[in-house]
Amino acid sequence: MRYVSTRGAAPVLGFEEAMMTGLARDGGLYVPETVPQMSAGDIAALAGQSYEEVAFRVMAPFVGDTFPQAQFRDLIARAYAGFGHPARAPLKQLAPNHFLLELFHGPTLAFKDFAMQLIGQMFQAALTRSGNRITIVGATSGDTGSAAIEAFKGLSNVDVFILFPHGRVSEVQRRQMTTPAEANVHALALDGDFDDCQARLKDMFNDFAFRDGVNLAGVNSINWGRVLAQVVYYFTAAVSLGAPHRAVSFTVPTGNFGDIFAGYIARRMGLPIERLVVATNQNDILHRTLTTGIQKKEGVRPSISPSMDIQVSSNFERALFEAYGRDGAVVAAQMAELQKSGGFTISQGALEMLRETFASGAVSEDETRATIARIAATTGEVICPHTAVGVRVAEDHLGATPMVTLATAHPAKFPDAVEAACGQRPPLPPRMADLYDRPERVTRVANDLTSLETLIREKICA
Ligand SMILES: *Cc1c(COP(=O)(O)O)cnc(C)c1O
C-alpha cells in the first residue's frame, strides 16, 4: 500500500515511512493511494471475533508487508492488553436505537489510547529493526499528550515532548502528562492556546534543518497510523448492531476531525454507515463550514469539553482532498488561502460531496451541562462533557437506523465539570487513584519557535 500527500507534491511513501513522518514535506497529510475493500462476506465474518482479530483483519491491507503477519498480530495484542475491559470498546444502550460506544477503557481514559498504544508498539518495532533514534513532538488539547506519553515513556530510542496550552487542560489531564517519571518524557506548558501549540509543531516540521537534525516524528492526529487504528471500532460497533445486513449511523464529538475521518474510511471500505454526524461544542468551525461552505477561523473560546477547543481542524484537509476528487493542487491553494486570510470557500461540488457524507450540529455550554444532568437522571450513566456534546447532537438525528455516539473520554477526566452539571463526582479507576499525590515535572515555555527548538535540542536524552 502506498500513501500520497493531500497537497500532491510530497514523495509517495510506504506505510512505515508515512507513519514515522506524520506531516508530509509539502505541508499535506498522507492518505492511502486506494482504499482497500471489505465485501459483505468479509464484514459478516467479523461477527463474534475479538477486538484484536477485527483489528488485524481491518488494518492488515493498509499495513501491507511492513510487519510479518505474526508480528503484526503480536503488536496488536500488546497494544490492547492494558485496557480495562475485555471487549476493549463495549457498546451500551442509552435509549431506543441510541447506543454509546465506550472508548475510554485504555490507560489514560480517552479514545486516543486506541491509536496511541498501537503506534507506540509499531514505532518501537520499526526502530528496533532500523536502529534509529527519534524525537516525538506532539501538541495536545489534553488527551493526545497523556496518551502519547503513556505509549512512549521509557522507550530507549525515543524522546517524547508534549506541548500543551498552559492553564487550559483539566487537572487530571495535566497530571497524566507531568507525573510520569521516565527521563525521556518532557511535558512543556506553552503560553498560548491549542492552536498555538499546533502551529508551533507545524513550524518545527517545516523547519527541515531542525526536523532532520533531531529526527522529528509526529504522533498528532494527522498521523495516518492513528487514523487507521481508529477505523477498527467502527467495524466492531456496526457488526454488533447488525452490519453488513443493517446500516448504522455514528455521531462523533469532533475537534481535529481525526476520529470521524476514520469513520469515513470505514464507510469507504464498505461498512454500511448511513450518516456520520460531526458534533462540536461552541467552537463550531466545522458545523459552520458544513452549513455555509465557508471555513473561517474565529478565536478559541475555552469550554468544558477542552479536547474539542480548536478552530483549525487539521484532518479536515483529508476530507477536502476527497471532496475535490483528490486534486492536491486545489487543496494546497485552499490551505494557502486559510493561512493568508484566515478562511476559504469550498466549491459547490465539493460541498455537496461533504454533505452527502457528513451531517453536523453544535452544542452550547448550557446544553452540554443540561445533557449530562438529564442522562444521569434518566439512565444513571455519568458521561463526560465531550460525550454529552455527541449525545445531544445525536438526539437530533435519531430514526430507524441505529445511532452510535462515541463516548470519547471517561467522566473522571473532567470531574469538576461533571460534578457541577449533575452533582455526582466520578471517581478515578483504582489503578490511577494516586494521581493527585504523584510529583509533577513540567517546563513552562514561550510561544516562540526558536526558543522551543533550542530547548528540545538541549533536553534530548544523550
Ligand atoms: C481528541 C478528543 C476529541 C476530538 O477528536 P478528534 O479526532 O480530534 O476530532 C473528542 N473527545 C475527546 C475526549 C478527545 O480526547
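Now for a description of the structure that goes with this document. Just so it is clear, the structure is predicted and the values come from calculations on it, not from any experiment. (Residues numbered from 1 in each chain as written. Predicted model: local features only at pLDDT ≥ 70, side-chain atom pairs only at ≥ 80, totals over all residues. Heavy atoms only, no water.)

Quick look at the nonpolar core
Moving on, step 1. Residues Phe152, Tyr234, Phe235 and Phe250 are the most contacted members of the largest nonpolar core, which totals 114 residues.
Moving on, step 2. The dominant element in this core, judged by the number of residues it contributes, is helix H10 (residues 224-240), at 12 residues.
Moving on, step 3. Setting aside residues up to four positions removed in sequence, Phe152 forms contacts with Met116, Ile119, Gly120, Phe123, Ile136, Val158, Val160, Asn184 and Val219.
Moving on, step 4. Counting 22 residues, the second-largest nonpolar core is a separate cluster that includes Val137, Ala139, Met204 and Ile222. (Core = buried A, V, L, I, M, F, W, Y, C linked by side-chain atoms within 4.5 Å. Buried < 20%, exposed > 50% of the residue type's maximum accessible area, 1.4 Å probe, protein only. Helix = DSSP H or I, 4+ residues; strand = E, 2+ residues; numbered from the N terminus. Contact = heavy atoms within 4.5 Å.)

Side note on the site of the ligand
Moving on, step 1. The environment of the ligand is formed by 15 residues, the closest being Lys112, Asp143, Gly255, Asn256 and Thr408.
Moving on, step 2. Asp259 has a polar backbone atom sitting 2.9 Å from an oxygen atom of the ligand.
Moving on, step 3. At 2.9 Å, a side-chain N or O of Thr408 approaches a nitrogen atom of the ligand.
Moving on, step 4. Across the complex, the protein chains shield 98% of the 380 Å² of accessible surface that the ligand would expose by itself.
Moving on, step 5. The cavity where the ligand resides is the largest cavity. (Near = heavy atom within 4 Å. Polar contact = N/O pair within 3.5 Å; in protein donor to acceptor, adjacent residues only side chain to side chain. Areas by Shrake-Rupley, 256 points an atom, 1.4 Å probe, with all protein chains shown as cover. 1 Å grid on protein atoms, 1.4 Å probe; cavity = no way out; pocket = protein on both sides within 12 Å on 5 of 7 lines; lining within 4 Å. Sits in = over half its atoms within 2 Å of the grid points.)

Here we look at empty space enclosed by the protein
Moving on, step 1. Enumeration over the complete set of coordinates arrives at 4 cavities of 30 Å³ or more.
Moving on, step 2. Lining the largest cavity are 27 residues, with Phe111, Lys112, Gly255, Asn256 and Ser307 sitting closest to its centre.
Moving on, step 3. For the lining of the largest cavity, the secondary structure elements donating two or more residues are helix H6 (143-152), H10 and helix H11 (258-269).
Moving on, step 4. If one sorts the elements of the lining of the largest cavity by residue count, H11 sits on top with 3 residues.
Moving on, step 5. For the lining of the largest cavity, a count of residues per class yields 10 nonpolar, 13 polar and 4 charged.
Moving on, step 6. Looking at the second largest cavity, its volume works out to about 80 Å³.
Moving on, step 7. Lining the second largest cavity, in full, are Leu23, Gln198, Leu201, Lys202, Phe205, Asn220, Ile222 and Ser314.
Moving on, step 8. Tallied by class, the residues present in the lining of the second largest cavity amount to 4 nonpolar, 3 polar and 1 charged. (Points joined across faces, edges and corners; volume = space filled by probe spheres on them. Nonpolar A, V, L, I, M, F, W, Y, C, P; charged D, E, K, R; others polar.)

Thoughts on the packing of aromatic side chains
Moving on, step 1. Applying the stated criterion across every chain yields a total of 18 aromatic pairs.
Moving on, step 2. Seen from their ring centres, Phe257 and Phe316 are 5.2 Å apart, and the 90° between their planes marks the pair as edge-to-face. One end of the pair, Phe257, is in the loop between strand E10 (248-253) and H11; the other, Phe316, is in helix H13 (residues 316-323), and 59 residues separate them in sequence.
Moving on, step 3. Residue Phe257 is classed as buried on the basis of its relative accessible area, which comes to 1%.
Moving on, step 4. Grouped by ring-pair contacts, the aromatic residues Tyr51, Tyr80, Phe83, Phe114, Tyr233, Tyr234 and Phe250 constitute a single cluster.
Moving on, step 5. When the ring centre of Phe208 is taken as reference, the NZ or CZ atom of Arg25 above it lies at 4.5 Å. (Phe/Tyr/Trp six-rings, centres within 6.5 Å; stacked < 30°, edge-to-face > 60°. Lys NZ or Arg CZ within 6 Å of the ring centre and 35° of its normal.)

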